Amino acid sequence: MARIRVSRVGEQVKKELSQIIQQEIKDPRIGFVTVTAVEMSGDLQVAKVYISVMGSADQKSQTLSGLEKAKGYIRSEVGRRIKLRHVPELVFVIDNSLDREEHISRLLTEVNSQEKE
């Protein structure tokens, strides 16, 4: 039963974080950011937030530093919107799964073109 609650809280945090990051944060370092997943710890004290950022490695690091700077505001907004006894500590992590997916897709396309030749 606890796993279901952790999952539900994680999805709610993901929804609220997406909205806060895209609509309310005005930091120019934060570009096009997508919250791909949120992993909550079992006691709901830590939320590991996976973000996907379009751009170069420098833009990704700038976005991460901008999010770290705004972490206090983001956490207070999440606490205001979701009624929890303790607001989880946010840990932002760059999600590279989209980059890996693109790389694998490119490799498969190359292999298919070589087989046709």
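Named according to an unreviewed UniProt entry, the protein chain is Ribosome-binding factor A originating from Laceyella sacchari. Here the protein chain is described in UniProt, under the heading Subunit (unreviewed entry), as follows: "Monomer. Binds 30S ribosomal subunits, but not 50S ribosomal subunits or 70S ribosomes."

It is not clear to me how helix α3 (residues 71-81) should be interpreted in this structure. Could you clarify?
The periodicity of an α-helix, 3.6 residues per turn, causes residues three or four positions apart to be oriented the same way. Of all the residues in α3, the buried ones are K71, I74, E77 and V78. Projection of α3 onto a plane perpendicular to its axis shows the buried side chains occupying an angular sector of 130°, all on one side. Looking at α3, the residues exposed on the side facing more than 90 degrees away from the buried face are G72 and R80. If you follow the buried residues of α3, they end up packed against α1 (2-23), α2 (57-69) and β3 (89-94).

Would you mind showing me how to read the packing of α1 against α3 here?
If you want to describe how two helices pack, look at the angle between their axes and the distance between the axes. One way to put it is that α1 packs onto α3 with a least axis distance of 10 Å and a crossing angle of 130°. On the basis of the axis angle, α1 is oblique to α3. Between α1 and α3 lies a crossing whose hand is right-handed. Along its contact with α1, which presents V13, E16, L17, Q19, I20 and I21, the element α3 presents Y73, I74, E77, V78 and R81.

Hey, could you run me through the side chain of D27 in this one?
For D27, the position within the fold is in the loop between α1 and β1 (33-40). Looking at D27, its side chain comes within polar contact range of the side chain of R29, at 2.8 Å.

Conventions adopted
- Residues numbered from 1 in each chain as written.
- Predicted model: local features only at pLDDT ≥ 70, side-chain atom pairs only at ≥ 80, totals over all residues.
- Heavy atoms only, no water.
- UniProt positions renumbered as here; feature names shortened; annotations may be inferred.
- Buried < 20%, exposed > 50% of the residue type's maximum accessible area, 1.4 Å probe, protein only.
- Helix = DSSP H or I, 4+ residues; strand = E, 2+ residues; numbered from the N terminus.
- Arc of directions from axis to C-beta.
- Contact = heavy atoms within 4.5 Å.
- Axes fitted to C-alpha atoms, helices over the stretch in contact; angles between N-to-C directions.
- Parallel < 35°, antiparallel > 145°, perpendicular 65-115°, else oblique.
- Left-handed = near helix turned anticlockwise from the far one by under 90°.
- Polar contact = N/O pair within 3.5 Å; in protein donor to acceptor, adjacent residues only side chain to side chain.

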